[in-house]
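Here are the chains, one letter per residue:
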Amino acid sequence: MLRYLRLLGQWALDWIGALGRATLVWFWSMAGVPQRDDLKLLVKQVYQIGVLSLIIIILSAFSIGAVLALQGYTQLARVGAEESVGLGVALVLLRELGPVVTGLLFAGRAGSAITAEIALMKATDQLSSMEMMGVDPLHRIAAPRLWAGMISMPLLTLIFNAVAIGGAALVGVDWLGVDQGGFWGGMQDGVEWWEDIGKGMIKTVLFAMVISWIAVFQGYDSTPTPEGMSIATTKTVVYSSVAVLALDFMLTLVMYGEFK
Amino acid sequence: MMWKSMVALFVCLLLGGAVRADAQDPTAVIRTASDSLVKVINEGKTYFDKDPDRFYAQIQNVLDPTVDFAKFAQGVMAVYYKRATPPQRERFQSTFKTGLVRTYGKALLDFGDEKIDVLPSDRPRTQPDRDVVKMEIHSKEGKVYPVLYSMRLCDDGQWRMYNIVINGINMGITYRNQFATAMKAPENHGSLDEVINQWAETIAHIDPAKQGNPEGGSAAATEGAGDE
Amino acid sequence: MIRMRTIEISVGAFVLAGILCLVFLAFRVSGVGVGSTSGTYTLLAKFDDVAGLRVRSKVSLAGVTIGRVAKIGVDSELGEAIVTMEINNDVKNLPIDTGARIQTEGFLGGRYVSLSPGGEEKTLQNGDTITNTQGAIGLESLIDQFIGKMGSK
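What counts, and where the lines are drawn
- Residue positions are given per chain, counting from 1 as you read along its sequence in written order.
- Chain letters and ligand numbers both follow the written order, the letters beginning at A and the numbers at 1.
- Owing to the predicted nature of the model, reporting of local features is limited to residues with pLDDT of at least 70; listing and counting of side-chain atom pairs is limited to 80 or more, with chain, interface and lining totals taken over all residues.
- Under the DSSP-based scheme used, a helix requires at least four consecutive residues in state H or I and a strand at least two consecutive residues in state E, with every element numbered from the N terminus.
- A residue is called partly exposed when the number of other C-beta atoms within 10 Å of its own lies between 12 and 20, exposed at 12 or fewer, and buried at 20 or more, with C-beta atoms placed from the backbone.
- For every residue pair, C-beta atoms are placed from the backbone, and the pair is scored as a contact if these atoms sit within 7 Å.
- Given the number of residues in a helix, its expected span is that number minus one, multiplied by 1.5 Å.
- Two axes define the bend at a residue: one fitted to the seven residues ending there, one fitted to the seven starting there, and the bend is the angle between them.
- Between N-to-C directions, angles cover 0 to 180 degrees, with each direction set by a line fitted to C-alpha atoms, over the stretch in contact for helices.
- Convention used here: angles under 35 degrees read as roughly parallel, angles over 145 as roughly antiparallel, angles from 65 to 115 as roughly perpendicular, and any remaining angle as oblique.
- All amino acids are sorted into three groups, where Ala, Val, Leu, Ile, Met, Phe, Trp, Tyr, Cys and Pro are nonpolar, Asp, Glu, Lys and Arg are charged, and the leftover types, Gly among them, are polar.
- pLDDT runs from 0 to 100 and stands for how confident the predictor is about each residue.
- Strands pair, by our definition, only if DSSP identifies at least two bridges between them.
- In these notes, a nonpolar core means any group of buried Ala, Val, Leu, Ile, Met, Phe, Trp, Tyr and Cys residues linked to one another through C-beta atoms within 7 Å.
- Handedness of a crossing follows from how the near helix is turned relative to the far one, being left-handed for an anticlockwise turn of less than a right angle and right-handed for a clockwise one.

1. Observations regarding the overall build of chain A
Step number 1: Broken down by element type, chain A carries nine helices and zero strands.
Step number 2: Counting helices and strands in the order they occur from the N terminus, chain A gives α-α-α-α-α-α-α-α-α.
Step number 3: Evaluated residue by residue, chain A yields a buried proportion of 46% over its 260 residues.
Step number 4: Excluding contacts between residues fewer than 6 apart, the proportion of contacts in chain A whose partners are at least 24 apart in sequence is 88%.

2. Side note on helix H6 (residues 86-108) of chain B
Residues and elements named next belong to chain B.
Step number 1: Here H6 spans 32 Å end to end across 23 residues, near enough to the 33 Å set by a 1.5 Å rise per residue.
Step number 2: Where H6 bends most, at Arg-102, the angle is about 30°.
Step number 3: Buried residues of H6: Phe-92, Phe-96, Leu-100, Val-101, Thr-103, Tyr-104, Gly-105, Ala-107 and Leu-108, and no others.

3. Structural notes on the packing of helix H5 (residues 69-77) of chain B against helix H7 (residues 171-184) of chain B
Between two packed helices, the angle of one axis relative to the other and the distance separating the axes together describe the packing.
Residues and elements named next belong to chain B.
Step number 1: In contact at an axis separation of 7 Å, H5 and H7 are set at 50° when each is read in the N-to-C sense. Overall, the two elements H5 and H7 adopt an arrangement that is oblique. Across the interface between the two elements, Gly-75, Val-76 and Met-77 of H5 pack against Gly-172, Tyr-175, Arg-176 and Phe-179 of H7.
Step number 2: Tallied by class, residues from the contact of H5 with H7 come to four nonpolar, two polar and one charged.

4. Let's talk about the interface of chain C and chain A
Step number 1: Taken together, the 25 residues of chain C in the interface contact 28 residues of chain A.
Step number 2: Of all the elements, helix H1 (residues 4-29) of chain C adds the most residues to the side of chain C that touches chain A, at 15 residues.
Step number 3: Across the side of chain C that touches chain A, the residue classes break down as 15 nonpolar, six polar and four charged.

5. Some points on unusual backbone geometry
Step number 1: Backbone geometry at His-189 of chain B places phi at a positive 50°, although glycine is not the residue there.
Step number 2: Within the fold, His-189 of chain B resides in the loop between H7 and helix H8 (192-204).
Step number 3: Positive phi is not limited to glycine here, since Asn-93 of chain C has a value of about 55°.
Step number 4: One can find Asn-93 of chain C in the loop between strand E4 (80-88) and strand E5 (99-105).
Step number 5: Residue Asn-93 of chain C is classed as exposed on the basis of its C-beta count, with 8 C-beta atoms lying within 10 Å.

6. Quick word on the confidence of the model for chain C
Step number 1: For chain C, the average pLDDT comes to 82, and 80% of its residues sit at 70 or higher.
Step number 2: Scored by ipTM, the complex comes to 0.81, with pTM at 0.65.

7. Some points on the sheet that holds E5 of chain C
Step number 1: Across the sheet, which stays open at both edges, the eight strands sit in the order E7-E1-E4-E3-E2-E6-E5-E8 (chain C) with mixed pairing between neighbours. The open sheet has two free edges, formed respectively by strand E7 (129-130) and strand E8 (133-134) of chain C, since each of these has just one partner strand.
Step number 2: In the packing of H7 of chain B onto the sheet, contacts are made with E5, strand E6 (110-116) and E8 of chain C, and the angle to E5 of chain C comes to roughly 75°.

8. Looking at the pairing of strand E4 (residues 159-166) of chain B
Residues and elements named next belong to chain B.
Step number 1: In terms of burial, E4 is largely enclosed, as eight of its eight residues are buried.
Step number 2: Hairpin connection between strand E3 (residues 144-153) and E4: a loop of five residues separates the two successive antiparallel strands, and Gly-157 in this loop has a positive phi of roughly 90°.
Step number 3: Bridge count for E4 against strand E5 (residues 169-170) is two bridges, and the pairing is antiparallel. Across the sheet, residue Val-165 finds its bridge partner in E5, namely Asn-170.
Step number 4: Where E4 hands over to E5, the hairpin turn is made up of two residues, of which Asn-167 adopts a positive phi near 50°.

9. Quick word on helix H9 (residues 226-256) of chain A
Step number 1: Between its first and last C-alpha, H9 of chain A extends 44 Å over 31 residues, near the 45 Å set by a 1.5 Å rise per residue.
Step number 2: Buried positions along H9 of chain A lie against helix H4 (85-123) and helix H8 (193-220) of chain A.

10. Considering the nonpolar core
Step number 1: By size, the foremost hydrophobic cluster in this structure holds 76 residues, and its most contacted members are Ala-90, Ile-159, Ile-165, Ala-168, Ile-211 and Val-216 of chain A.
Step number 2: By residue number, the principal contributor to this core is helix H6 (residues 137-175) of chain A, which donates 20 residues.
Step number 3: Counting residues in each nonpolar core, the second largest holds 49 residues, with Val-67, Ala-78, Met-161 and Ala-182 of chain B among its members.

11. Details of the packing of helix H3 (residues 54-78) of chain A against H4 of chain A
Residues and elements named next belong to chain A.
Step number 1: Two numbers describe how H3 lies on H4: the axes approach to 10 Å, and their chain directions differ by 145°. Relative to H4, H3 is oriented so that their crossing is right-handed. Contacts from Ile-56, Ile-57, Ser-60, Ile-64, Gly-65, Leu-68, Ala-69, Gly-72, Tyr-73 and Leu-76 in H3 reach Val-85, Gly-88, Val-89, Val-92, Leu-97, Val-101, Thr-102, Leu-105 and Arg-109 in H4.

12. Digging into the sheet that holds strand E1 (residues 115-118) of chain B
Residue and element names in this part refer to chain B.
Step number 1: Strand order across the open sheet formed by five strands is E1-E2-E3-E4-E5, with antiparallel pairing between neighbours. Where the open sheet ends on each side, the last strands, each with one partner, are E1 and E5.
Step number 2: Pairing geometry for E1 and strand E2 (residues 130-138), over four bridges, is antiparallel. Note on E2: the bridge partner recorded for Asp-117 is Glu-136.
Step number 3: Packed on one face of the sheet, H5 meets E3 and E4 and runs near 40° to E4.

13. Details of the environment of Trp-184 of chain A
Step number 1: For Trp-184 of chain A, the location among the structural elements is in helix H7 (residues 180-190).
Step number 2: According to the C-beta neighbour criterion, Trp-184 of chain A is buried, with 21 such atoms within 10 Å.
Step number 3: Taking the C-alpha atoms as reference points, Trp-184 of chain A and Ala-169 of chain A, separated by 15 residues in sequence, lie 8.5 Å from one another.
Step number 4: Among all residues touching Trp-184 of chain A, those that are not within four sequence positions of it are Gly-86 of chain A together with Arg-28 of chain C.

Take a look at the structure:
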């Protein structure tokens, strides 16, 4: 019994320690003075993180949009409300699925890549060599990836939403025959700039910060062995996914919940 | 039922105005009227079965000086008012009045000892010649039905009502929509005369439950309970 | 090894794509800016109950959207809601007894303001208030009245 308590305590302390280190990593990465090379590093990371994620984002977006339209149509047709499928799909995507699915995909693809890369650098002593040469690895490795994540993910979410709605339109209007005016008109009447798009973007930005942070930190904190790398990558994907879902729940409550 | 009785109620309210020419204040006009109302209903209950027309005539006689039917009718005809010739306007005005009396007159008799509160004015008038009088009807079951009368000061110095909102439903707008629907109905060929002729029929089928919701407020949208 | 130049171009294209998607979402999905190009004027309306009406709800006449709700305020002294509406300039000459009703749209139930023009000569000007109104009707109230009607027959 005591043993388990002790283990629990140890685990909790470890966890708090990790949180502390993570905060320091984040802080010191953000705190650097911009240097000449930084923009180039940033652009390269946006490419790695953002551009290379485009394919999976676009494919997923299209499928999800199409499926939503299909399922939505079937249910709404039962009560004669097919024209609302545009509005329904748009709201679901903008408020929830866009930010969350993009977040999960991003965590899986870009997040794990970031962690793997940094963990590898740690395992092959590149990080310590940098320090010895007087180059701040937090500044050159961590910071560009953090910023790139925060820039790329919102862009990816925007693209996701647009493609998904496009996919839904293709299925709804062209395939299932929903009236085009009803589809888009109903959507335009019901979707609000701030309420739906704006709040969805806030979610995305927050998710982006959290995912990038976890990804970079896990790489930094990893044990410099092959297993350590794989453990770190797994942690990134798992923690990021859970964080995104939990954050989404809380944000949705705060943003859209009505407290009696 | 309660609903029609209440609308009928307003019809009777107008009674008081004719009796008291010195009741200038719009609230007083309504208050006096509601007092007279109870008397008229109780009287009517005794002879209605034998002579309904007398009852309707009684009501109409008293209605005339208290409701600004010209204004009420103008509001109902709305955009078609400009198109109507003065004879047509007059014809509609009188059909409108008769229609109200006939449709709601009988339901009036359902009234008994409901408590009626005419509330004192709680706000200054925004315009010198317009006012709103609020009344509350307490049904036997304990429900409170609010009624709002839109009053205007006519040229002869008398306050008269030209619209009524019962339990949140604006009857002027309701009738206006009915009129417009009738004008657009294919069977009436957009003819003012036809619509005016049909008016009594139209008004008997208004379903107040459909007002304000998915445009089901058309004249024919009744559950069939609208026939007397 | 991919050249730096290609990387820069693709990142630029990526950012551009993102911005275009934002524009698409703004204009085609949320309807920002949909409306007349001729400017608007302001009308107010007082209601006893605006439940469900929101800022940017539409204002329609004969089923055509002619404006939007700009602001919803309250007069606590009189217990009324004051709705400020922006009406397209090409819809002028609304008579002063024009009616304003809060209605429910179709199945998913968004509320909107429906205007029915009246019969008066004088017309509403910029800043005028519509007094001939009907607020949102609650479902319970409708059911009551429906049951009441049925019960009396």
